[in-house]
Amino acid sequence: MSTPGFSSILKLTELDDFIAPSQECIKPAQPLKPTPQPSAAKVRIELEDVSIGGVVPQVPQKVEINLTDCLACSGCITSAESILISQQSPEELVRILEKNKNSKAKVDNNFLAIVTLGTQAVISLARKYLVPPQEMAERLAGFFKDLGADKVITITLAEDLCLIESGKEFVEKLENINRDPTSLPIISGVCPGWVCYAEKLHPYAIKNISRVKSPQQIMGSLLKLVYGPRVNHSPDEIYHVSLMSCFDRKLEASRKDFILEEYRSKEVDSVITPLEIENLLESIGKHLLDYEPANLDNPFEFGNGSLGIGASIMSHLGSGSGGFAEYIFRIMSAKHGIQADVTWIVGRNPDISEAVIPTPTGDLKFSVATGFRNIQTIVRKLKTKMRANLPHYIEIMACPTGCLNGGAQLRSQDSEQGGRELSCDLEKMYHELPAEILQDNPFVEQIYNLLGNPDGKLYNDVLYTDFHAIEKSNLGIKW
């Protein structure tokens, strides 16, 4: 039984691993004189009215809150599943895809709608419908193309690039450790919940967060900055939708860092989740098995788009959240001539696993940590002498057990099955997928050729980002 009042974004059934909702907004109004009222105050976010309770301040104008202000604040947005930002709502997605579908006959139509399928989200839907993940991916392709999408692709290529860059970054930091001992540990930066928790409450941790973009944002950059020019489409002529397992991906997509200012275009225009797809289908009296499977696409067209890499749902070795720690462990093992398999050791805390590489200069330690309780422990150690005991690389995910247990995944219909059992089922399905071998992906090398010099603007715009400390202006968050 889940705990009442907890946000679904960072919740695991039967576990109270959640930070209490904040009581005050990071951008509070400056009232002339607050007056107690029986009704609730309201803050307008995009086009949605959100009740936050309390008093009605006498203010000269309405408060304006940007989506990025709310990423790690659970006081209003994340405390109600039904509140959706208008630009990220399924209804807006359907409206745009239908408009695209209806305008295809027009000669001057130069709009392209592309949907990226996140592996974890596909597995969640496959489990519900009792079909293999590859079939589910193809039925999702049929569903989205029926709505009006032009192409439906997998996120595998972006995941590959994310892993490769994460490995390069770690090697570079390790080689320069004597120059800057505080550059380690490196903590993965692909989880938006964790990133914004650090930005808002622990800015000293930002230096240690990996600058490599998440696969979602890498794919958005690839489509708009690499694929678009090849097919004579500017970024604002491509509508990119991402199917993800986590509501926080919507807010990640809305970060100012991920807006292509010249075109006033987001790298990812809309994020939809398995829960929203199910709600959408229920509203029209259908389910996904009503849609005929369609071929998955490879928009980069370097090979056979219906059979090659990019057209299949793939897993990566390691955790079900992308396998970052395992990938870096393996490349460091190879550097030291060690061929042994990775052995992950789980201690008393089931949400932390660790692995060690013995080297002549000392052990290299790696860790996978999930859940905010463990995140809090890690960031506290960063401020003390205990940081010397932290692993050299830490893969962090805010959701307990990781991305397969994202807050927007479908929950079990079996009332007796708890969150951990569901996560185990999804993990098993994930590792039964064909494993992606990066060296065998012919598109990776070709993408790097298109990106050019690693010091160049395009390379860095596609693959890297920056994180920023957010000023606590009258902030009353109680974590």
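What you see is a predicted model; the values in this text were computed from it and never measured.

Procedures and definitions
- Residues numbered from 1 in each chain as written.
- Predicted model: local features only at pLDDT ≥ 70, side-chain atom pairs only at ≥ 80, totals over all residues.
- Heavy atoms only, no water.
- Helix = DSSP H or I, 4+ residues; strand = E, 2+ residues; numbered from the N terminus.
- Buried < 20%, exposed > 50% of the residue type's maximum accessible area, 1.4 Å probe, protein only.
- Pairing = 2+ DSSP bridges.
- Phe/Tyr/Trp six-rings, centres within 6.5 Å; stacked < 30°, edge-to-face > 60°.
- Contact = heavy atoms within 4.5 Å.
- Axes fitted to C-alpha atoms, helices over the stretch in contact; angles between N-to-C directions.
- pLDDT = per-residue confidence, 0-100.
- Salt bridge = Lys/Arg side-chain N within 4 Å of Asp/Glu carboxyl O.
- Core = buried A, V, L, I, M, F, W, Y, C linked by side-chain atoms within 4.5 Å.
- Parallel < 35°, antiparallel > 145°, perpendicular 65-115°, else oblique.
- Nonpolar A, V, L, I, M, F, W, Y, C, P; charged D, E, K, R; others polar.

**Some points on unusual backbone geometry**
Among all residues save glycine, negative phi is the norm, and among peptide bonds the norm is trans.
Now for step 1: The linkage connecting L184 with the following residue, P185, adopts the cis geometry, with an omega of 5 degrees.
Now for step 2: Position of P185 among the secondary structure elements: in the loop between α4 (156-175) and β5 (186-187).
Now for step 3: Of note, L130 is a non-glycine position whose phi angle comes to about 60 degrees, a positive value.
Now for step 4: Secondary-structure assignment places L130 in the loop between α2 (119-129) and α3 (133-147).

**Structural notes on the pairing of strand β6 (residues 238-243)**
Now for step 1: β6 sits mainly inside the fold: 6 of its 6 residues count as buried.
Now for step 2: What you see with β6 is no split at all: I238, H240 and S242 on one side and Y239, V241 and L243 on the other are buried throughout.
Now for step 3: As judged from the 6 bridges shared by strand β3 (residues 112-117) and β6, these two strands associate in the parallel manner. Bridging from a neighbouring strand, V115 pairs with V241 of β6.

**Here we look at helix α5 (residues 192-201)**
Now for step 1: The element α5 is extensively covered by neighbouring structure, given that 10 of its 10 residues are classed as buried.
Now for step 2: Considered for burial, the residues of α5 that qualify are P192, G193, W194, V195, C196, Y197, A198, E199, K200 and L201.

**So, the packing of aromatic side chains**
Now for step 1: Within this structure, the stated rule accounts for 9 aromatic pairs.
Now for step 2: Here the aromatic rings of F143 and Y291 are separated by 5.2 Å at their centres, their planes lie at 80 degrees, and the arrangement is edge-to-face. Of the two residues, F143 is situated in helix α3 and Y291 in the loop between α8 (274-283) and α9 (324-335); the sequence distance between them amounts to 148 residues. With respect to burial, F143 and Y291 carry one shared label: buried.
Now for step 3: With a centroid separation of 6.4 Å and 50 degrees between ring planes, the pair formed by F329 and W344 is classed as tilted. One end of the pair, F329, is in helix α9; the other, W344, is in the loop between α9 and β10 (345-346), and 15 residues separate them in sequence.

**Structural notes on the sheet that holds strand β13 (residues 393-397)**
Now for step 1: Pairing is mixed across the open sheet formed by 5 strands, whose spatial order is β5-β13-β12-β11-β10. Of all strands in the sheet, those bounded by a partner on one side alone are β5 and β10.
Now for step 2: Pairing analysis gives 2 bridges linking β5 to β13, with the strands arranged parallel. Looking at β13, one finds that I186 is bridged to Y393.
Now for step 3: Along the sheet, helix α10 (residues 372-382) makes contact with β5, β11 (352-357), β12 (364-370) and β13, crossing β13 at roughly 140 degrees.

**Thoughts on the confidence of the model for the chain**
Now for step 1: With 76% of its residues at a pLDDT of at least 70, the chain reaches an overall mean of 80.
Now for step 2: Every residue in residues 38-60 is under pLDDT 50, and counting partners more than four places away or in other chains gives 54 contacts.
Now for step 3: Scored below 50 in pLDDT, residues 65-84 shows 58 contacts in the model against residues more than four places distant or in partner chains.

**Focus: the pattern of salt bridges**
Now for step 1: Tallied over the full model, the rule gives 17 salt bridges.
Now for step 2: Across the pair K213 and E267 runs a salt bridge, and its minimum N-O distance is 2.6 Å. Here the residue K213 occupies a position in the loop between α5 and α6 (215-230), and E267 occupies one in the loop between β8 (265-266) and β9 (270-272), the gap between them amounting to 54 residues. Each member of the pair, K213 as well as E267, carries the same accessibility label: buried.
Now for step 3: Among the ionic pairs, E252 bridges to R249, the shortest N-O distance being 2.8 Å. Of this pair, E252 and R249 both sit in helix α7 (residues 248-253), separated by 3 residues, roughly a single helical turn. Residues E252 and R249 agree in their burial class; the two are buried.

**Considering the nonpolar core**
For soluble globular proteins, the rule of thumb is that nonpolar side chains tend to be buried together.
Now for step 1: If you look at the biggest cluster of nonpolar residues, it comprises 74 residues, and the most contacted ones within it are L157, L161, W194, L222, F300, F366 and L463.
Now for step 2: Of all the elements, α4 adds the most residues to this core, at 8 residues.
Now for step 3: Those residues in contact with L222, other than ones at most four positions away along the chain, are L157, L161, Y227, F300, I447 and V462.
Now for step 4: Core analysis: the second largest hydrophobic core is formed by 43 residues, L296, A311, L426 and L433 among them.

**What to know about the sheet that holds β9**
Now for step 1: If you trace the 4 strands from one edge of the open sheet to the other, you get β4-β3-β6-β9, paired in parallel fashion. Two strands lie at the open edges of the sheet, namely β4 (151-154) and β9, each paired on one side alone. This sheet shows a mean twist of 25 degrees between the axes of neighbouring strands, independent of strand direction.

**Remarks on the packing of α2 against α8**
In helix packing, the relevant descriptors are the interaxial angle and the interaxial distance, both defined with respect to the helix axes.
Now for step 1: Their axes nearest at 9 Å, the elements α2 and α8 cross at an angle of 45 degrees. Overall, the two elements α2 and α8 adopt an arrangement that is oblique. Between α2, through A121, S124, L125, K128 and Y129, and α8, the contact on the second element is made entirely by P274, I277, E278 and L281.
Now for step 2: The residue makeup of the contact of α2 with α8, split by class, is 6 nonpolar, 1 polar and 2 charged.

**Thoughts on the pairing of β3**
Now for step 1: Of all 6 residues making up β3, 6 are buried, and the element is well covered by its neighbours.
Now for step 2: Burial along β3 is two-sided: L112, I114 and T116 facing one way and A113, V115 and L117 facing the other are all buried.
Now for step 3: Sheet topology places β3 next to β4; 4 bridges connect them, and they run parallel. Among the inter-strand pairings, V115 is bridged to a residue of β4, identified as V152.

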